[in-house]
Amino acid sequence: MPQCHSTNDLALRHCQKNDWLEGTVIITNNQTAGRGQRGNVWLTQSGKNLTFSFMIRPTFLTVKEQFYLTIFVSLGIYDYVTEKTGKKVHIKWPNDVLVNDRKICGVLIENQLSGNRLEATVIGIGLNINQQQFESGTPTSLSIITDQAYALSDELDLLLQKLEQRYFQLKERKLAKLKADYLNALYRNGADHAYLTADGETRGRITGIDEIGRLTVMVDGQLKSFDVKEIKFV
Ligand code: BTN
């Protein structure tokens, strides 16, 4: 689409109409009402970055296993950014991809459920490629890191290859491998840091994720699990 409000919204509309094939990608050059996690907006300069959604039918996963969607997608992006930059890349739980502690990519996953099964999943990706200046926060882009300009269609091809490789691992149920790679890339894993929780600002040490993908943090000698809305990185 030359322009659209949100590629996730367009993809979700196709899911509702049930007129799509697994692997369909909806991409736009100019997203005018991009949505981010926790109801945030996703702002991106027209024609500079990758802004797309793709659709899959992960009917082989139970709802309890749905965090593996977050894992495979973040790892696909992690593989791509690692190859392109040669830098140490981190995944900030649940699925922000960071280089030099700065966010280069955001992911918005939205599911359509049928009973206890995932009928359709829309995976929205905003990956900063050629943008050099940002209005707010301290994000980064491929071009800031490497001082080069990129052809977006080539980058889309490579990124989709990386995502597909990780999706095939998931379909083959290589769950232990996916989880180990995810934990290996997890930002601040094993180190003491400050977090904001319902109890206020506290120090804790990330130990990993629990069986449903919540972040596990050791706080005052106690292991606690947190949902996305329950903890903020300080
Ligand atoms: C985040 O908050 O980090 C997630 C951002 C996800 C942005 C992408 S851009 C393509 C797709 N369409 C949307 O409206 N959002 C996602």
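Provided above is the structure to which this section pertains.
None of the values given here were measured: they were computed from a predicted structure. (Residues numbered from 1 in each chain as written. Predicted model: local features only at pLDDT ≥ 70, side-chain atom pairs only at ≥ 80, totals over all residues. Heavy atoms only, no water.)

## Focus on the packing of helix H2 (residues 67–85) against helix H5 (residues 175–185)
Relative placement of two packed helices is described by the angle separating their axes and the distance separating the axes.
Working step 1: At their nearest, the axes of H2 and H5 sit 10 Å apart, and the two run at 60° to each other. Classified by the angle their axes make, H2 and H5 are oblique. Taken as a pair, H2 and H5 cross one another with a handedness that is left-handed. Between H2, through Phe 67, Tyr 68, Ile 71, Ser 74, Leu 75 and Tyr 78, and H5, the contact on the second element is made entirely by Leu 175, Leu 178, Lys 179, Asp 181, Tyr 182 and Ala 185.
Working step 2: Taken together, the residues that form the contact of H2 with H5 break down as 9 nonpolar, 1 polar and 2 charged. (Axes fitted to C-alpha atoms, helices over the stretch in contact; angles between N-to-C directions. Helix = DSSP H or I, 4+ residues; strand = E, 2+ residues; numbered from the N terminus. Parallel < 35°, antiparallel > 145°, perpendicular 65-115°, else oblique. Left-handed = near helix turned anticlockwise from the far one by under 90°. Contact = heavy atoms within 4.5 Å. Nonpolar A, V, L, I, M, F, W, Y, C, P; charged D, E, K, R; others polar.)

## Notes on the site of the ligand
Working step 1: As a structural note, the neighbourhood of the ligand is formed by 20 residues, with Ser 6, Gln 31, Arg 35, Gln 37 and Lys 103 the closest of them.
Working step 2: One of the backbone nitrogen or oxygen atoms of Asn 8 is found 3.5 Å away from a nitrogen atom of the ligand.
Working step 3: In the environment of the ligand, an oxygen atom lies 2.7 Å from a nitrogen or oxygen atom belonging to the backbone of Gln 37.
Working step 4: For the ligand, the protein covers 98% of the area, taking 420 Å² as the surface of the free molecule.
Working step 5: Applying the majority rule of atoms within 2 Å of the grid points places the ligand in the largest pocket.
Working step 6: Of all elements in the fold, only helix H1 (7–17), strand E4 (34–35), strand E6 (50–56), strand E9 (102–114) and strand E10 (117–127) reach the threshold of two or more residues within the shell around the ligand. (Near = heavy atom within 4 Å. Polar contact = N/O pair within 3.5 Å; in protein donor to acceptor, adjacent residues only side chain to side chain. Areas by Shrake-Rupley, 256 points an atom, 1.4 Å probe, with all protein chains shown as cover. 1 Å grid on protein atoms, 1.4 Å probe; cavity = no way out; pocket = protein on both sides within 12 Å on 5 of 7 lines; lining within 4 Å. Sits in = over half its atoms within 2 Å of the grid points.)

## Digging into the side chain of Asn 49
Working step 1: Tracing the backbone shows Asn 49 in the loop between strand E5 (41–42) and E6.
Working step 2: Only 2.8 Å separates the side chain of Asn 49 from the side chain of Thr 44, close enough to count as a polar contact.
Working step 3: At a separation of 2.7 Å, a polar atom in the side chain of Asn 49 contacts the side chain of Gln 131.
Working step 4: If we ignore the near neighbours within four places in the chain, the residues touching Asn 49 are Thr 44, Leu 127, Asn 128, Ile 129, Asn 130, Gln 131 and Leu 152.

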